[in-house]
Amino acid sequence: MLTMQPSAAKRRVVREARRLLDGSAGRYAIHELCLLPDDLDPALADRIAADLQDAIHVGARPLTPTGWSELLADEGFTVTAHRTAPMALLEPRRLVADEGLVPALRIVGRMLRDPVALRRVRHMRRVFRRHSAHLGAIGLLAVPTPSQL
C-alpha cells in the first residue's frame, strides 16, 4: 500500500508504474486509505497519522482524495475515475466479504490464540473507529498522460 510509504517512496512507486506503462494503453489502479474531507485541518491529519503509526507500527501517511489525484498527476498520470468508501478495514462483514467465511474464521482463530496479536488488532480497530469520520478508502484508476513534445 502506498499509504504506508513516505512521500518520496510514494512518488518513486508511481513514477515506476508510469515508466512501465509508457507507450501502452495500460491503466494504473490503486486502492488506498484516504483522509476526508479534502480540506481536513493539517493538525488533525497529523494526529490521525500519528495514531495510525502507533497502532500499526508503520508510518502510515494517507492523503486526501485530491492529494492522491495530485500525486498521480505529478508523476504523469491522468485520473479517469475515483471512488471513496467508508473505512471498513477490520470490520467483521468486510473481513468475510474480502476473505470468505472459512478463511475469516481461521484469521479470527489465530488471533484468539495469540493474545499479543489480538491486542494489536483491537488497538488498530479502535483507532480506525475513533477516526472514522476522517478515514476512508479510495480507489483511483489512471492512464498515462500523453507526453508533450
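Residues numbered from 1 in each chain as written. Predicted model: local features only at pLDDT ≥ 70, side-chain atom pairs only at ≥ 80, totals over all residues. Heavy atoms only, no water.

1. Some details on the sheet that holds strand β3 (residues 135-144)
Piece 1. If you walk across this open sheet you meet the three strands as β1-β3-β2, and the pairing is antiparallel. Either end of the sheet is taken by a strand with one partner, and the two such strands are β1 (28-35) and β2 (77-86). Neighbour-to-neighbour, the strand axes of the sheet open up by a mean angle of 25°, direction not taken into account.
Piece 2. When β1 meets β3, the two strands line up antiparallel, connected through eight bridges. Among the inter-strand pairings, Ile 30 is bridged to a residue of β3, identified as Leu 140. (Pairing = 2+ DSSP bridges. Helix = DSSP H or I, 4+ residues; strand = E, 2+ residues; numbered from the N terminus. Axes fitted to C-alpha atoms, helices over the stretch in contact; angles between N-to-C directions.)

2. Focus: the environment of Ile 56
Piece 1. Summarising the element assignment, Ile 56 is placed in helix α2 (residues 42-56).
Piece 2. Accessibility expressed as a relative area gives 10% for Ile 56, which makes it buried.
Piece 3. Distance from Ile 56 to Arg 27, taken between C-alpha atoms, is 30 Å for residues 29 residues apart in sequence. (Buried < 20%, exposed > 50% of the residue type's maximum accessible area, 1.4 Å probe, protein only.)

3. Here we look at a nonpolar patch on the surface
Piece 1. A grouping of Val 96, Leu 101, Val 102 and Leu 105 is seen on the molecular surface, where their side chains present a nonpolar patch of about 360 Å² in accessible area.
Piece 2. Here Val 96 shows up in helix α4 (residues 92-99). (Patch = residues over 30% accessible without salt bridge, like charges linked within 9 Å, V, L, I, M, F, W, Y side chains within 5 Å. Areas by Shrake-Rupley, 256 points an atom, 1.4 Å probe, with all protein chains shown as cover. Salt bridge = Lys/Arg side-chain N within 4 Å of Asp/Glu carboxyl O.)

4. Digging into the environment of Gly 136
Piece 1. Relative to the helices and strands, Gly 136 resides in strand β3.
Piece 2. Relative accessible area serves as the criterion here: at 0%, Gly 136 is assigned to the buried category.
Piece 3. Discounting residues that sit within four places of it in the chain, Gly 136 has contacts with Glu 32, Leu 33, Cys 34, Leu 36, Ala 85, Pro 86 and Met 87. (Contact = heavy atoms within 4.5 Å.)

5. Quick notes on the packing of aromatic side chains
Piece 1. Within this structure, the stated rule accounts for one aromatic pair.
Piece 2. Measuring from centroid to centroid gives 5.1 Å for Tyr 28 and Phe 77, while their planes differ by 25°, and the two rings are stacked. Of the two residues, Tyr 28 sits in strand β1 while Phe 77 sits in strand β2, which places them 49 residues apart along the sequence. Comparing Tyr 28 with Phe 77, the two get one shared label, buried. (Phe/Tyr/Trp six-rings, centres within 6.5 Å; stacked < 30°, edge-to-face > 60°.)

6. Quick look at helix α1 (residues 7-21)
Piece 1. For α1, with 15 residues, the first-to-last C-alpha span of 21 Å sits near the 21 Å given by 1.5 Å per residue.
Piece 2. When we look at burial in α1, the residues that qualify are Ala 9, Lys 10, Val 14, Ala 17, Arg 18 and Leu 21.
Piece 3. Check the buried side of α1 and you find it contacts β1, α3 (65-74), β2 and β3.
Piece 4. One or two residues past the end of α1 sits Gly 23, with phi positive at roughly 75°. (Expected span 1.5 Å × (residues − 1).)

7. A closer look at unusual backbone geometry
Where the residue is not glycine, phi is negative for most of them; where a peptide bond is considered, it is trans in most cases.
Piece 1. Put simply, Leu 36 and Pro 37 share a cis peptide bond, and its omega is -5°.
Piece 2. Not every positive phi belongs to a glycine, and His 57 is a case in point at roughly 60°.
Piece 3. Assessed through its relative accessible area of 58%, His 57 is described here as exposed.
Piece 4. Although it is not a glycine, Leu 90 adopts a positive phi angle of roughly 75°.
Piece 5. Here Leu 90 is to be found in the loop between β2 and α4.
Piece 6. On the basis of relative accessible area, Leu 90 is assigned to the partly exposed category, the value being 29%.

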